[in-house]
Amino acid sequence: MSETTSVFERLGGREAVSAAVNLFYDKVLADPLLAPMFEGVDMARQRSMQAHFLTMAFGGENAYAGADLRTAHARLVADKGLTDVHFDAVVKHLAASLEELGVGPDLLAEVGATAESVRGEVLGR
């Protein structure tokens, strides 16, 4: 593939990102460490927003209309104690979801690097 092919395209586009998001949230909501972070959250809306965000973050179209990462996670940091431990668990579940869908190690590494690049913003530092 061309070096200019986006991560989004190499993952398989909209359908693949949507499948990954659904599998990812199934894992997150089953995780006792992370599930409390989503109490009271409209998960249908959350899944949709996440799919739009990941599409944009991975080089697809930008239809994301949500808050920036720092703002979106500020309440979780302040009220629920969101830390690196939670962030690491989220990244682990994202990688596991993508692996389950057949994504190979090189592309997983790119996804991991993208996730790592926003750690500071998510955690408010």
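What you see is a predicted model; the values in this text were computed from it and never measured. (Residues numbered from 1 in each chain as written. Predicted model: local features only at pLDDT ≥ 70, side-chain atom pairs only at ≥ 80, totals over all residues. Heavy atoms only, no water.)

## Thoughts on the overall build of the chain
This is how the line gets drawn: Per the convention used, a helix needs a DSSP run of H or I reaching at least four residues, while a strand needs a run of E reaching at least two, with both numbered from the N terminus. What the globule rule says is 2.2 Å times the number of residues to the power 0.38, and the radius of gyration is computed from C-alpha atoms. The buried label goes to any residue with under 20% of its type's maximum accessible area, the exposed label to any with over 50%, and the partly exposed label to all in between, with areas taken from a 1.4 Å probe on protein chains only. In this description, contact between two residues means that some pair of their heavy atoms is separated by no more than 4.5 Å. As used throughout, the charge tally considers Lys and Arg to be positive and Asp and Glu to be negative, leaving His and the chain termini uncounted. Lysine's charge is taken at NZ, arginine's at CZ, aspartate's at CG and glutamate's at CD.
Looking only at helices and strands, one finds seven helices and zero strands in the chain. Relative to the compact-globule value of 14 Å for 125 residues, the chain shows a C-alpha radius of gyration of 14 Å, a close match. Counting only residues that meet the buried cut, the chain has 36% of its 125 residues in that class. Considering only contacts within the chain whose residues lie at least 6 apart along the sequence, 71% involve residues at least 24 apart. Considering the chain, the positive charge centre built from 11 side chains and the negative charge centre built from 18 side chains are found 5 Å apart.

## Description of helix α5 (residues 84-100)
The cut-off we apply is this: A helix is expected to span 1.5 Å multiplied by its residue count minus one.
Taking 1.5 Å per residue, 17 residues should reach 24 Å; α5 reaches 24 Å between its end C-alpha atoms and fits that length. Those residues of α5 lying buried are His86, Phe87, Ala89, His93, Leu94, Ser97 and Leu98. Where the residues of α5 are buried, they touch α1 (7-11), α2 (13-30), α6 (105-116) and α7 (119-122). At the exit of α5 stands Gly102, carrying a positive phi of roughly 95°.

## Section: the packing of aromatic side chains
Let me state the cut-off plainly: Pairing of aromatic rings covers Phe, Tyr and the six-membered ring of Trp, with a centre-to-centre limit of 6.5 Å; geometry is then stacked below 30 degrees between planes, edge-to-face above 60, and tilted otherwise.
A full pass over the atoms with the stated rule returns two aromatic pairs. Judged by centre distance (4.8 Å) and plane angle (65°), the ring pair of Phe24 and Tyr25 falls under edge-to-face. The class of Phe24 is buried, set by a relative accessible area of 5%. Note on Tyr25: relative accessible area 1%, which makes it buried. Summarising the aromatic geometry, the rings of Tyr25 and Phe38 are spaced 5.7 Å apart at their centres and angled 80° between planes, so their arrangement reads as edge-to-face. Of the two residues, Tyr25 is situated in helix α2 and Phe38 in the loop between α2 and α3 (43-57); the sequence distance between them amounts to 13 residues. Residues Tyr25 and Phe38 agree in their burial class; the two are buried. Grouped by ring-pair contacts, the aromatic residues Phe24, Tyr25 and Phe38 constitute a single cluster.

## Description of the nonpolar core
Side chains of a nonpolar character, in soluble globular proteins, are inclined to be buried together. Note the cut-off: Note on terminology: a nonpolar core comprises buried Ala, Val, Leu, Ile, Met, Phe, Trp, Tyr and Cys residues joined through side-chain atoms within 4.5 Å.
By size, the foremost hydrophobic cluster in this structure holds 32 residues, and its most contacted members are Leu11, Tyr25, Phe58, Leu98 and Val111. For this core, the leading source of residues is α2, giving six residues. Setting aside residues up to four positions removed in sequence, Tyr25 forms contacts with Phe38, Met43, Gln46, Arg47 and Gln50.

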